[in-house]
Amino acid sequence: MLAFEAFASGSAGNLYRVTADGHPPLLIEAGVAYKALQRAVGFGVTQVAGCLVSHAHLDHSRAVEYLVAQAVPVYTGRETAEAILERGHHNLHAVDAGQEFQIGPWTVLPFDLVHDVPCLGFLVVSRAGEKLLYISDTAYCEYRFENVAIAAVEANYSRGILDRLVDNGTLNQHHAARVIRNHMSIEHAAQLLQTLAVPPLREVHLLHLSEGNSSAQDFQAQIERIVGVPVYVAGEGVRA
Amino acid sequence: MSGDVTKSNGTPGQALAKPKATLSERFLADVERQFMAEMGRGVQFTALEQRLVQHMYLSVDQALKAAEEKRTKGWTEEKLAAAADDPRAFTWHHVDRQKLALDTVHRVSLGLDALIPNHIWPIAYFNSAKGLYDIDLRVGYIGRDYVTRRFALEEPLSIAYELVYSTDTFKALPRSSSREVEGYEFEITSPFDRGDIVGGFGYITYDDPRKNRLVLVTQRDFKRSQAASKSDFWAKNDVEMHLKTVYHRVVGKMTLDPAKVNVEVLASVLEDDRDAVDVAHVEVEVAHRNVANRQLVDVQPPTADVESAGEATEPESLFAEATPGF
C-alpha cells in the first residue's frame, strides 16, 4: 500500500519518503544535511529508487550533491539541475513538466508550480495504480487531479494570521508579500483539496507550515472538515 | 531641396536614422509621462527633480547590475552569453517600467535622492503573475528622517538619535508638575568599550522647548524589528540595524502636515509596505481565480510489459565530468 512519511518540512529543510509494497522507496526533496538524511532513512540511502527535487532552494536541495555521489539518481527540472550542480552529474537527471517518466516501478509526472524560481510538483503513481500528489512552494496550482489516494500539499500560512502580524509590525511587509507570491495559503490549499475529496483519497499531509504564520491545529481541523479523511501536519522529526 | 536630409558622410537622399533613445532617456521619458499624468499636463520637471530622476535611474541600474552579477556568479562564458535572454535576467527589459515610473514620481516629488546613502533602496522582486521584475524603491531610514522633518506639522530644530549601551548612564526626565520641558541625562562612561546595546532614544527639539519630545526605544522594539527582518542582516549589521530601529520609532512619532504635501502620496511612499501586502494578495487571488485547479493532468501506471521493456521516457542525464571531491 502506498505510504508517505515526512522527516522534515518547512523552511529549515524538507525531506519526504514514499513507499509501496514491493517498491524501492522514493525520496521527495533533499533539503537537509546529508547526515540527517542518512539518519532519517535508516542509512539505507543507496536502497532508494531515486529522489525528486522540486526546486533549487537549499531547504529542498541541500543534500543533492551527496546523493548523486552515492549513486542515488536525482530528478529535477532542467534549470534547477543547473542551479544545483552547474557542471552536472551523471546521476542528476533533468525532467520536463508534463513529461512522465519511470523510476523503476514508479511513474512520475512533473508539473509546473508558481514560485520565485522554477519549481515542479509531482504526481507519483505506484505499479498498483495508487497516486500520490506532491505540491509545495507555490502560490497556487493551475492543475487538477483525479483518483489521488494521498495528497501532500503545502499550507504555509493563513491569510488572517499573516495580515495580523503585518498590521502589528511583527512581520516585515515585504517578506509577507514574498510569502504570498510564493507559498500556498491554507485557504488556497483548502480549495485544491476540495477537488480531491472523493475516494480513493484516504489521507492528506499538510506541508511546509510557516513557523509564525500558521496554526497547525486549526489547519488540520479545517482541512479534516473538508476532506473527511485523516489529515497530518508534517514537521521536523514528524513521521506522519 | 526642402525636407531632404543628408547623412554626415554626405550621401544624399538617405534619411538620417534617428538615434535610438538610451535606457536612461527612455526612463526619463517614462517618468515625465507619469509625472504629467499625476500632476497635470504642462507641468515640467524642475532642474532638481530632473537630477533626482537621473539619480534614481543610476541607482536602479546599479542595483540591477549587482543583482545580475550575483545571479550569474561563477557561470561559464557560454552560459553568460545566453544569460541576457533569460527572462529572469536582471535587465531593464525585464522591469515593470510603468510601476517604476509611478513610484519614481512619488519619491522625486518628496525630494528623495537615490544617490544619498539610505535614502532609497531599489530591490527587484520577480512578479510571477506579470513575468517582470517589480522594483521596490524602499525608503531608507535617512530618507524617512528627511521626509518627515521636511513635511512635519511643526518643523523640528533638530532630532538626536542615540543608542544606549550597558556602560552608559541614561535617565529619562518626563514632563511633570515641576518640570516644564521633557528631557534626559545621558553620559557615556566608557566610550571605547561601551558593552552591549540595551536601548535607544530620540530627542526632538522645537522652537518652543515645551514641545520637545523624548522617544524611548526598548529591547522589545529591537526584537520586533529583528523578527520582522532577515536575521542574517541583523547579524551582519548589528549596530546599524539597532540605530535604524531608533530612527523608525522616532520619526513615526512626528505628525505630518497635509498642507505641505500630498498625504496620500506620502503614505504610499512611507507606508507602501502595507500596500505591498495588499497588492500581493490581490495578484495571487486574481491569478488563483482565473487559472487555479483548472487543467486536468493525469498519468497511468505502466503495464508490466512497458515497464520491463523500458519504453517509458528516460529523463536526460546531466552528465559531466565527475564532480570534484567524489
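The following refers to the structure shown. (Residues numbered from 1 in each chain as written. Chains lettered and ligands numbered in written order. Predicted model: local features only at pLDDT ≥ 70, side-chain atom pairs only at ≥ 80, totals over all residues. Heavy atoms only, no water.)

A few points about the sheet that holds strand E3 (residues 158–165) of chain B
All names here are of chain B.
Thought 1: Taken together, the 3 strands give an open sheet; going across it, the order is E3-E6-E7, and neighbouring strands pair in antiparallel fashion. The sheet terminates laterally at E3 and strand E7 (213–217), the two strands that pair on one side only. Looking at each pair of strands side by side, their axes are set apart by 15° on average, direction ignored.
Thought 2: Of the strand pairs in this sheet, E3 and strand E6 (residues 197–205) are connected by 8 bridges, and their pairing is antiparallel. (Pairing = 2+ DSSP bridges. Helix = DSSP H or I, 4+ residues; strand = E, 2+ residues; numbered from the N terminus. Axes fitted to C-alpha atoms, helices over the stretch in contact; angles between N-to-C directions.)

Thoughts on the pairing of strand E1 (residues 3–8) of chain A
Thought 1: Most of E1 of chain A sits out of view: 5 of its 6 residues are buried.
Thought 2: Linking E1 of chain A back to strand E2 (residues 15–19) of chain A in an antiparallel pair, the connection comprises 6 residues, with Gly-10 of chain A at a positive phi of about 135°. (Buried < 20%, exposed > 50% of the residue type's maximum accessible area, 1.4 Å probe, protein only.)

Some words on the pattern of salt bridges
Thought 1: What the rule picks out here adds up to 19 salt bridges over all chains.
Thought 2: Between Glu-68 of chain B and Arg-71 of chain B there is a salt bridge; the shortest N-O distance is 2.9 Å. Placement of both Glu-68 of chain B and Arg-71 of chain B in helix H2 (residues 47–71) is noted, with a separation of 3 residues, approximately one turn of the helix.
Thought 3: For Asp-136 of chain B, the salt bridge is made with Lys-99 of chain B, and the minimal N-O distance between the two is 3.9 Å. Here Asp-136 of chain B is found in strand E2 (residues 132–139), whereas its partner Lys-99 of chain B is found in helix H4 (residues 97–109), with 37 residues between them in sequence.
Thought 4: On the accessibility criterion, Asp-136 of chain B (15% relative accessible area) is buried.
Thought 5: Relative accessible area serves as the criterion here: at 26%, Lys-99 of chain B is assigned to the partly exposed category.
Thought 6: One salt-bridge network, in which partners are shared between bridges, spans Glu-130, Arg-202 and Glu-203 of chain A. (Salt bridge = Lys/Arg side-chain N within 4 Å of Asp/Glu carboxyl O.)

Let's talk about H4 of chain B
Thought 1: In this model H4 of chain B runs 18 Å from its N-terminal to its C-terminal C-alpha over 13 residues, within 8% of the 18 Å that 1.5 Å per residue would give.
Thought 2: Buried residues of H4 of chain B: Leu-100, Ala-101, Asp-103, Thr-104, Val-105, His-106, Arg-107 and Val-108 of chain B, and no others. (Expected span 1.5 Å × (residues − 1).)

A few points about empty space enclosed by the protein
Thought 1: Under the criterion given, the structure shown has 2 cavities of 30 Å³ or more.
Thought 2: Broken down by class, the residue content of the lining of the second largest cavity amounts to 3 nonpolar, no polar and 2 charged. (1 Å grid on protein atoms, 1.4 Å probe; cavity = no way out; pocket = protein on both sides within 12 Å on 5 of 7 lines; lining within 4 Å. Points joined across faces, edges and corners; volume = space filled by probe spheres on them. Nonpolar A, V, L, I, M, F, W, Y, C, P; charged D, E, K, R; others polar.)

Things to note about the packing of helix H5 (residues 141–150) of chain B against helix H8 (residues 238–251) of chain B
Axis angle and axis distance: for two packed helices, these are the angle between their axes and the distance between the axes, and together they describe the pair.
Residues and elements named next belong to chain B.
Thought 1: It is at 9 Å that the axes of H5 and H8 come closest, and there the two elements cross at 20°. Judged by the inter-axis angle, H5 sits roughly parallel to H8. The interaxial crossing formed by H5 with H8 has left-handed handedness. Two secondary-structure elements touch here, H5 through Tyr-141, Ile-142, Arg-144, Asp-145 and Thr-148 and H8 through Glu-240, Lys-244, Tyr-247, His-248 and Val-251.
Thought 2: A breakdown of the residues in the contact of H5 with H8 according to their chemical character gives 4 nonpolar, 2 polar and 4 charged. (Parallel < 35°, antiparallel > 145°, perpendicular 65-115°, else oblique. Left-handed = near helix turned anticlockwise from the far one by under 90°. Contact = heavy atoms within 4.5 Å.)

Topic: the nonpolar core
Here is a general trend for soluble globular proteins: nonpolar side chains tend to be buried in one another's company.
Thought 1: Of all hydrophobic cores here, the largest spans 34 residues; its most connected members are Phe-111, Ile-135, Phe-145, Leu-193, Val-204, Leu-206 and Ile-223 of chain A.
Thought 2: Elements that contribute at least two residues to this core include exactly strand E8 (106–112), strand E9 (120–125), strand E10 (131–135), strand E12 (150–154), helix H7 (186–194), strand E13 (203–207), helix H8 (216–227) and strand E14 (231–233) of chain A.
Thought 3: Top element by residues in this core is H7 of chain A. It accounts for 5 residues.
Thought 4: Every residue in contact with Val-204 of chain A, bar those within four places of it in the chain, is listed here: Ala-151, Leu-193, Ile-223, Val-227, Val-229, Pro-230, Val-231 and Tyr-232 of chain A.
Thought 5: Counting 33 residues, the second-largest nonpolar core is a separate cluster that includes Leu-100, Val-108, Leu-137 and Phe-151 of chain B. (Core = buried A, V, L, I, M, F, W, Y, C linked by side-chain atoms within 4.5 Å.)

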